Each structure stands twice: as C-alpha cells, then as structure tokens.
Amino acid sequence: MDVWEKCRSWTASQLQETGQDCYYQVISDTFDGTEVTFADRRIVMAASHDYLGLSADQRVREAAMAAVRRFGTSLGGSRAISGSLRLHEQLEEQLAQFLGQESAAVLPSGYQANLMLAPLLDKDDYVFSDLSNHASLDEVIRLGEAKERKFLHSNMKHLEELLTTTRAGAGKTILSDGIFSVEGDICDLPALTQLAGRHSAYVVLDSSHDLGVLGPKGAGAAEHYGVQPLLITSALSKSLASVGGVIAGPAEVIRYLRFHARTSLFTAAASPANVAAALAALEILQTEPERRQRVLNLAERLHNGLRALGYDTGASTTPVVPVLVRGRERCLRMWRKLCEAGVFTAPMTYPGVRAGREVLRVTLTAAHTDTQLERLLNAFEAVGLAEGVLPEAGPPREYAPVRITRPTMATSTARGEEP
Ligand SMILES: Cc1ncc(COP(=O)(O)O)c(C=O)c1O
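Here the residue numbering is sequential within each chain, running from 1 through the sequence in written order. Local features in a predicted model are, by the rule used here, given only for residues with pLDDT of at least 70; side-chain atom pairs are given and counted only at 80 or more, and totals for whole chains, interfaces and linings are based on all residues. Note that water and hydrogens are dropped before the side-chain values are worked out from all heavy atoms of the structure.

Visitor: When you look at the packing of aromatic side chains in this model, what are you seeing that I'm missing?
Guide: Geometry of an aromatic ring pair is reported as the spacing of the ring centres plus the angle between the planes. Planes of paired rings set the category: under 30 degrees apart is stacked, over 60 is edge-to-face and the rest tilted, where pairs are Phe, Tyr or Trp rings (Trp by its six-membered ring) whose centres lie within 6.5 Å. If you walk through the whole model with that rule in mind, you get 4 aromatic pairs. When the centroid spacing of 5.7 Å and the interplanar angle of 85° are considered together, the rings of Trp 335 and Phe 344 count as edge-to-face. A relative accessible area of 10% places Phe 344 in the buried class. Among the aromatic residues, those joined into a ring-pair cluster are Phe 38, Trp 335 and Phe 344. Cation placement over rings: the criterion is NZ of Lys or CZ of Arg within 6 Å of the ring centroid and within 35° of the ring normal. A cation over an aromatic ring shows up here: Arg 42 above the ring of Phe 31, its NZ or CZ 3.8 Å from the ring centre. Across from the ring centre of Tyr 126, 5.2 Å away, lies the NZ or CZ of Lys 147, which sits over that ring. The buried label applies to any residue whose accessible area, calculated with a 1.4 Å probe on protein chains only, is under 20% of its type's maximum; exposed applies above 50%, and partly exposed to all values in between.

Written as structure tokens, this is what we have:
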C-alpha cells in the first residue's frame, strides 16, 4: 500500500471526529504567562506548567537575553562534537546538587532526557512502568531492548506480582512519574523503592511536575519523601521556565549514558538562551520559596472551588488539577465553551489519556491573581450548568475538601533502598 495513503485519508472531518481539531490552537499573545490572546479575546491561561510563574520574570528574561547577546541563538550542532558551553556544565552541576545526585546531563527537551535511558535497557532486562507514566517513558521502552511489564496505576500489589514472577537474576528498572501529569497524584516512592530493594531493581523517577512544587527545597518527590531513586529526570519547561531536560544520577551512569545514548550524541546542544533561563529560574526557585507557597495555596483553592461547585478533581493533591468530565465529546464541548467563557484549559483526550478517562486539566501558576481564579471558577460554573454536569438544584451541601501536599521536613537523605 502507498505509504502516504493514510495521510491523504486523514481529513479535516476525521480531525473533528477525534477532537484533535482542538490541538495546535494559535495563541497570538501572552501576558505574564497568566493570560493569552486567543481567537481575538484576552482570556485566562490555565493550561501551562510554568508553576512558579517564572517564564515572564524579568530576571529570567534578562538571563536568556544576555546569553543570546554573548553566544548567539544556537551552537549549530551536537555538544559531543561541536562544542559544549561552560553554561551547560554550570546548569548540570547546579541541577545535580539541587536534586541530591552526583552528576547530571542537560538535553534539549524533557522527552529526550527520558530517551537517554535506552542504553540501560538491555535485551535480557525487564522494565516495569506505571500505566499512567508520561508518553516519553513509554517511548524509551520501545527504543530500548528490555522486556516491558506495565503495572496498574500506582498499584504496588500489581508491581510486586510482576517483580515476583520475573526471573530473579534479570536486570530490572522501575519507571514512574513523581507527580502524574494527567491524574495529578503523587507516586508512592517509599513503597516503590522498598519493592525495588527487595527485588534488586533500580528506580527512575520523572520529576517534571514535582520539581519546584514538592519537597522542603522544591527538589521534587524524592526530596519530599527523603528517598533517592537511582536516576531523576525532568523537563525544564515547567517550574524552570525554560525548554530542555535533565537526567541526574551517579556520575558513572551519567557518563555512560552521555557516550551511549543516541539522543545525546546526535542532537543539537540545548540553546544558550534556554540554559541561561533555567539557571536563573533555578536560583529564584531556591531563594523565593514563597512562590511555591503561592502556587500550592492557589491550587488548594482551585481544587476546593471546583469541588464546591460539584466537580470531581480525582485523587490529585497537587497543582495538576484534573476535572473529571469523562467522555470525549463532552470534554471537547466543554473545552470550547470554557474558551468562550474566558478560560483556556487543557483537553486531555485520546491519545493523551485512554478512552473513557477524559479530563480537562487545569493548572495555575504562582503568577495568577485571586481575580483570575475567581474568573476561572465562574466560567466553570456557567459551563457546567449549561452542560448539565453540575446539579441544577445548586451546589452540593457538602464535599470532600482537598488538602494540597505541602513541604514537610524530609525524614532521611539517605540514598534509600537501592540494591
Ligand atoms: C512527566 C513529563 N515527562 C516528560 C515530559 C517531556 O518534556 P518536554 O516537553 O520538555 O519534552 C513532559 C512534558 O510534557 C512531562 O509532563
């Protein structure tokens, strides 16, 4: 069959049927990352993961501009063969220290940071992965050679069954998000590392959504629990207000991956502007903990405001707030109506989630105002009533409030239960 045939038959009407006509929407302007111009109207942006509200911060912008002035816009090639800036190494050193790891490698995206794991996944090995992990962790399993064992979302019993029925001497790696990017719940890292210890497995944690949000210093789920996985990966596009990725862990593992992962060897260096922006954001993250407090406070009010209206925000206790709407048609209809009512949310439908698990994901940042939160809740109320998803008789008399997960003092800084 003609290899292009599938492209010809992928018409606009099919895009509409799958709801993917909601993707790639053009935003013509942004205002401090909290509002955007969309379809000629200025509306609240509630779909960005700039959790600490630093993407528009003057100091972060200045750092990016200074790097462009000094180094230009691109290094024009791979760090391996076209030269790597001291700036890249500075970011790697600071991220490694911040994450409590020996060493780190910075990549042009978080997706690529996860693909870096491929050389660890050999043919006789096994890789265990939470069903709700980010797509890039699925992708590295396809890229590696290890046999895949998926466990039900956050189900430690299922993981244990899979580990127990896997050949004892085989190499084993467990992959998990720290905060899950759709459900917004937090991985049970202590249970995961305990199981890993018992079955001689290593844990890799993707902290894209928990870096900057969880832990006394904001270093993520590992710091929150006081447990260190073997490796931590993260996108730099969320709390670090940039674009890029990092993988951090023992020096010998990072060195091996740098020289064996094609995603590092054969890709252009992260741009100087992005590296400088992440460095500036990392410093602000550590010196202004009030930003973390602000995003957590807003998230708690967002969860509870939605719940008071009659919405369900699932098992999340974090700033990733999923509004459970179930059903692709409804999800997309509500997404459009919310845009008209002044709020840009993220419609999570297939392939972002499995069919039947659709949610409107809402995320606010430390830069959002109380007034913007009010506008968002008013829009959800109006659209929910029009859609018939909120009770006509009025909001529920009672609802189960969410207590957001806040920093606690870490119980231990030991390297945990590594084999
Ligand atoms: C959990 C998680 N991991 C990895 C990534 C990929 O990061 P990037 O967008 O920098 O490629 C994302 C981004 O959406 C993510 O949410």
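Picking up where we left off.
Visitor: Teacher, can you tell me more about the site of the ligand here?
Guide: Proximity is defined per residue: any heavy atom of the residue falling within 4 Å of a molecule or strand makes that residue near it. Neighbouring the ligand are 15 residues, the closest being Gly 110, Tyr 111, Asp 206, His 209 and Lys 238. Taking Ser 208, its side chain carries an N or O atom lying 3.3 Å from a nitrogen atom of the ligand. A 1.4 Å probe and the Shrake-Rupley method give the accessible areas. Residues count as covered only by the protein chains that appear here. Contact with the protein chains removes 82% of the 390 Å² of surface that the ligand exposes when unbound. No other element matches the 3 residues that helix H6 (residues 110–115) contributes to the shell around the ligand. Counted by class, the shell around the ligand contains 2 nonpolar, 10 polar and 3 charged residues. N or O atoms within 3.5 Å of each other form a polar contact, as long as, within protein, one can give a hydrogen and the other can take it, and as long as residues adjacent in sequence are counted only when both atoms are side-chain atoms. Under the scheme used here, helices are H or I runs from DSSP no shorter than 4 residues and strands are E runs no shorter than 2 residues, and both carry numbers assigned from the N terminus. In the scheme used here, Gly and all other residues not listed as nonpolar or charged are polar, with Ala, Val, Leu, Ile, Met, Phe, Trp, Tyr, Cys and Pro taken as nonpolar and Asp, Glu, Lys and Arg as charged.

Visitor: Looking at this structure, I do not really get the domain arrangement of the chain. What am I missing?
Guide: Where interface size is given, it is often the accessible area lost as the parts come together that is meant. For the purposes of this description, domain bounds are those given by an automatic or database domain assignment. The domain boundaries assigned to the chain delineate domain 1 (18–47 + 290–387) and domain 2 (58–287). Placing the centre of domain 1 and that of domain 2 at their C-alpha centroids yields a distance of 27 Å. Counting from both sides, the interface comprises 18 residues of domain 1 and, opposite them, 22 residues of domain 2. Summing both sides of the interface, domain 1 and domain 2 together bury roughly 1,300 Å²; the carbon and sulfur share of this comes to 53%. Note: buried area is the sum, over both parts, of the accessible area (probe 1.4 Å) each one loses when the two are combined. The three residues of domain 1 that bury the most area against domain 2 are Arg 292, Thr 318 and Val 320, which together make up 40% of that side's buried surface. Seen at the junction of domain 1 and domain 2, the total is 4 residue pairs in polar contact (both at pLDDT 80 or more). Secondary structure elements with two or more residues in the side of domain 1 that touches domain 2: helix H14 (290–309) and strand E14 (359–362). In terms of residue count, H14 provides more of the side of domain 1 that touches domain 2 than any other element does, 4 residues in total. Of the residues in the side of domain 1 that touches domain 2, the class split is 8 nonpolar, 4 polar and 6 charged. Contacts between residues were defined by any pair of non-hydrogen atoms, one from each residue, lying within 4.5 Å.

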